[in-house]
Amino acid sequence: MQVNYGIFTANTATHDGGAIYQSGYCTSTVADHNTFTSNVAGRDGGGADFIDFGEGPAGADHINYNTFTGNTAGHNGGGLFTDDTGDQVGSSTDYDAMIVGNTFSKNVATEAGGGLAQSFLSTFEYDKVGKGFPIGVVKNVFRRNSAKVGGGAAIDFHSKRSKTEKFLASMRKNRFVGNRAKSSGNPAVGVFTW
């Protein structure tokens, strides 16, 4: 699925994905240079919700250079929620999700990830190769977002992992300014297990 250069304003969903909801076996998800403003989701992904079950590096999310402003989620990911739960084979070079160069401002989530919430579940293939599903959150700006946990961003590592597994997460060169979390802990970023 590809969504590029779109403008999504004041849309409402009773469940997931205020403006966009994508779920299923996709070869890849690409969402670049879009603007999401004042969208509302009853559950996850106030601006957008991408759930991919693709296999291998082709089943990755590439969500780059978008603007998420003033979106609201009833649960997780005020601006954006992503969930990658398929049988991707982990590798140190292929990313299962790349979230690059986005701006998250004034988004609100009732639970986790005011700007961004990402959820990843290990599977049989993950155990088999003993590696991980790499994720990259790079060069994003998180400004004045709020949530119960992880005002700016929340990364969820599900707990179906063996001793041989490694979760490869790269969070680099992001800016966190004035984000708020209602619970104790780091107000900018939350890393936790549901």
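Report follows, based on the coordinates. Treat the numbers as computed from the prediction; the structure is a model and nothing was measured.

1. Topic: the overall build of the chain
Then comes step 1: On a plain count of helices and strands, the chain comes out with 1 helix and 24 strands.
Then comes step 2: Buried residues in the chain amount to 54% of all 194 residues.
Then comes step 3: Considering only contacts in the chain between residues 6 or more positions apart, those separated by 24 or more positions represent 85%.
Then comes step 4: Of the roughly 8,400 Å² that the chain leaves accessible, carbon and sulfur atoms contribute 53%.

2. A closer look at the sheet that holds strand β14 (residues 103–105)
Hydrogen bonds between backbone atoms are what pair the strands of a sheet, whose relative direction is either parallel or antiparallel.
Then comes step 1: Strand order in the open sheet made by the 6 strands is β2-β6-β10-β14-β18-β22, with parallel pairing throughout. A strand with exactly one partner marks an edge of an open sheet, and here the two such strands are β2 (7–9) and β22 (175–177). Here the average twist between neighbouring strands, direction ignored, is 5 degrees.

3. Description of the side chain of Ser-105
Then comes step 1: Tracing the backbone through its elements, the reader meets Ser-105 in strand β14.
Then comes step 2: Apart from residues no more than four positions distant in its own chain, Ser-105 is found in contact with Phe-68, Thr-69, Gly-70, Arg-143 and Asn-145.

4. Quick notes on the packing of aromatic side chains
Then comes step 1: Taken as a whole and judged by the stated rule, the model has 5 aromatic pairs.
Then comes step 2: Pairing Phe-36 with Phe-68 gives two aromatic rings, centres 4.8 Å apart and planes at 0 degrees, and the pair type is stacked. Pair noted here: Phe-36 is in strand β6 (residues 35–37) and Phe-68 is in strand β10 (residues 67–69), with a separation of 32 residues, a long-range link.
Then comes step 3: Residue classification places Phe-68 among the buried positions, given a relative accessible area of 1%.

5. Some details on the side chain of Asn-64
Then comes step 1: Within the element layout of this structure, Asn-64 appears in strand β9 (residues 61–64).
Then comes step 2: Residue Asn-64 is classed as buried on the basis of its relative accessible area, which comes to 12%.
Then comes step 3: With residues near it in sequence (within four places) discarded, Asn-64 still touches Ala-31, Asp-32, His-33, Met-98, Ile-99, Val-100 and Asn-102.

6. Structural notes on the nonpolar core
Then comes step 1: Residues Ile-20, Phe-50, Leu-80, Ile-99, Phe-104 and Leu-116 are the most contacted members of the largest nonpolar core, which totals 17 residues.
Then comes step 2: Mapped by element, the contributors of at least two residues to this core are β8 (48–52) and β20 (153–157).
Then comes step 3: If we skip the residues at most four places from it in the chain, Leu-116 touches Gly-77, Leu-80, Ile-99, Phe-104, Val-137, Phe-142, Gly-152, Ala-153 and Ala-154.

Cut-offs used in this document
Residue numbers run consecutively from 1 along every chain, following the written order of its sequence. In view of the model being predicted, local features appear only for residues whose pLDDT reaches at least 70, and side-chain atom pairs are presented and counted only at 80 or more, with totals across whole chains, interfaces and linings using the full set of residues. Excluding hydrogens and water, the side-chain figures rest on all heavy atoms present in the structure. Only DSSP runs of H or I with at least four residues qualify as helices, and only runs of E with at least two residues qualify as strands; both kinds are numbered from the N terminus onward. Note on exposure labels: buried denotes an accessible area under 20% of the residue type's maximum, exposed denotes more than 50%, and partly exposed covers the range between, all computed with a 1.4 Å probe on protein chains only. In this description, contact between two residues means that some pair of their heavy atoms is separated by no more than 4.5 Å. Computed with a 1.4 Å probe, the accessible areas rest on the Shrake-Rupley method; for each residue, only the protein chains presented here act as cover. Strands are labelled as partners when DSSP assigns at least two bridges between them. Axis angles are defined between N-to-C directions and span 0 to 180 degrees, where every axis is a line fitted to C-alpha atoms and, for a helix, only to the segment in contact. Stacked, tilted and edge-to-face are the three classes applied to pairs of Phe, Tyr and Trp rings, where Trp contributes its six-membered ring and a pair requires centres within 6.5 Å; stacked means planes under 30 degrees apart, edge-to-face means over 60, and tilted covers the rest. To qualify as a nonpolar core, a set must consist of buried Ala, Val, Leu, Ile, Met, Phe, Trp, Tyr and Cys residues joined through side-chain atoms within 4.5 Å.

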